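Each chain, letter by letter, is given below.
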Amino acid sequence: MDKSPKLVSLDRKDTYCMLSFSDDKSFKLDYVEVRKNCQCAKCKPRQVNEQMKIEFEEEISRMMLVKPKVEQVGNYAIRFEWPTGCSSGIHSFSHLRKISESSGRKV
Ligand SMILES: [Zn+2]
């Protein structure tokens with residue numbers, strides 16, 4: 001059995017989202033952090049080493065990040081749909097939890 005906490009709610013604000021997990025922990029996470037860690041076929045190859053990551057993150061920081069559409073995928077992930085460039089990023093709950101802990105703020 002997968003014991004990692006499940007995402008129970010995702011509340012979209014203009015520049016960030018609030019994520020609540022099944023272990024009663026909640027995080028505030030900027031969309032830019034989600035995008036920087038996107039695992040889609042387009043974005044993932046750009047995070048393979050530190051130098052590429054820096055360039056990728058700079059590019060994202062320059063973009064106007066608009067509120068993405070989100071859609072739940074099965075019982076394990078959320079798909080973020082960005083108006084700029086990337087649309088098939090599937091973020092598993094455990095991946096979102098990892099980003100929340102490293103780049104988000106606990107609330
Ligand atoms: Zn992507």
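See the structure above.
Each value, and the rule that gives it
Residues numbered from 1 in each chain as written. Predicted model: local features only at pLDDT ≥ 70, side-chain atom pairs only at ≥ 80, totals over all residues. Pairing = 2+ DSSP bridges. Helix = DSSP H or I, 4+ residues; strand = E, 2+ residues; numbered from the N terminus. Contact = placed C-beta atoms within 7 Å. Axes fitted to C-alpha atoms, helices over the stretch in contact; angles between N-to-C directions. Expected span 1.5 Å × (residues − 1). Buried ≥ 20, exposed ≤ 12 C-beta atoms within 10 Å, placed from the backbone.

Caption draft 1: Focus on the sheet that holds strand β7 (residues 105–106). The strand order across the open sheet built from four strands is β1-β2-β3-β7, with neighbouring strands paired in antiparallel fashion. Among the strands making up the open sheet, the edge pair consists of β1 (7–12) and β7. Where β1 meets strand β2 (residues 16–21), five bridges bridge the pair, whose relative direction is antiparallel. Across the sheet, Ser9 pairs through a bridge with Ser20, a residue of β2. Contacts from helix α3 (residues 93–103) reach β1, β2 and β3 (26–30) within the one sheet, and its direction differs from that of β3 by about 80°.

Caption draft 2: Representation of helix α2 (residues 50–62). Across its 13 residues, α2 extends 18 Å between first and last C-alpha, which sits within 8% of the 18 Å expected from 1.5 Å per residue. Across the 13 residues of α2, one count as buried, placing the element largely on the outside.

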